[in-house]
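This is what each chain is made of:
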Amino acid sequence: MKRLLITGATGNVGMEVLRSLAVTPTDDVTVLAGVRDVARVQPQLRELPTVTPVRFDFADASTYEPALRGVTGVFLLLPAGLPDAPRRFGELVAAAQAAGVQHVVYMSVQGAEDMRLIPHHRIEKAVMQGGVPYTLLRPAYFMQNFNSTLRDDLVRRNLIYLPAGQARFTLIDVRDIGRVAAEVLRQPTAHAGQAYTLTGTESLTFGEMAVTLTQGLGRPIRYLSPNPLRFFLTKKRQGTATGFILIMILLHYLARFQRTAPTTDWVQRVTGQAPLTFAEYVRDYRAELS
């Protein structure tokens, strides 16, 4: 009997993991959604009647043991704004080991193994050294950034406004991440000790993405690439938090000076399905992007 805990359950990725697990529910798998407020998320989880919400908060270690009780597999990701994240993940993995968890799946980021300054690098180390069999997922740039962090410019101004120049970004649809994570959780032994870099088949500039968005949405979408200072000042005037602006600059501007990350075939190999294309993403999310 598998008992799976999905953390970050109401976010983009967590919900896709839950949906993928719920597509073919079985009597020998119980799926738990780790959330901070069980009552508040009940309406959000109504589409997934086989999923049970349980209280879990990365920032509150007292929630670890009750949420992990009887759990065999855990899906972990780094929530936004978590202070001292590597230490907390070390405590969490220790709690998982004490609870008898048999497998941990951690969603990191593409290239984390070589980027010592980001918390994902240290969290990967904590997971690998935690004494619980693990699998690392390292996804590329989320297509769903367009219906979340980039949506305001896209919908209000028909604009992609990022200091990325002509850098190419390797993309992934979060639905593919959900499918891979679900398969790994269902068949943990086959994936134990592995690290999978998850990408689609495309590496695109934001100018090329603007063309696809224009075609898919039926309205002209422009791409403007300001210098970092202009980007900072513009976003500050729009009310964006300073810390988030700096993260956006780090993610998009530094890519101009790095080689384009290669695509991989791990989505196909793990799930047996080809990864979704950016055009398919635009088609499926047209209502949210309009």
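Going by the structure above, here's the rest.
Residues numbered from 1 in each chain as written. Predicted model: local features only at pLDDT ≥ 70, side-chain atom pairs only at ≥ 80, totals over all residues. Heavy atoms only, no water.

1. Comments concerning the sheet that holds strand E9 (residues 169–172)
- Taken together, the 3 strands give an open sheet; going across it, the order is E7-E9-E11, and neighbouring strands pair in mixed fashion. Two strands lie at the open edges of the sheet, namely strand E7 (141–142) and strand E11 (203–204), each paired on one side alone. (Pairing = 2+ DSSP bridges. Helix = DSSP H or I, 4+ residues; strand = E, 2+ residues; numbered from the N terminus.)

2. Focus: the pairing of strand E4 (residues 73–77)
- By the criterion of burial, E4 is predominantly enclosed, with 5 of the 5 residues buried.
- Residues Gly73, Phe75 and Leu77 line one face of E4 and the alternating positions Val74 and Leu76 line the opposite face, and both faces are buried.
- Note: strand E1 (residues 2–6) against E4, 3 bridges, orientation parallel. Bridging across to E4, Leu4 finds its partner in Gly73.
- Relative to strand E5 (residues 103–107), E4 is paired through 5 bridges, and the arrangement is parallel. Residue pairing for E5: Gly73 is matched across the bridge by His103. (Buried < 20%, exposed > 50% of the residue type's maximum accessible area, 1.4 Å probe, protein only.)

3. Thoughts on unusual backbone geometry
- Even without being glycine, Asp84 reaches a positive phi, approximately 50°.
- Positionally, Asp84 belongs in the loop between E4 and helix H4 (85–98).
- Classification of Asp84 by relative accessible area gives partly exposed; the value is 43%.
- One non-glycine residue, Asn158, lies in the positive phi region at around 50°.
- One can find Asn158 in the loop between helix H6 (151–157) and strand E8 (159–161).
- Given the relative accessible area of 26%, Asn158 is considered partly exposed.

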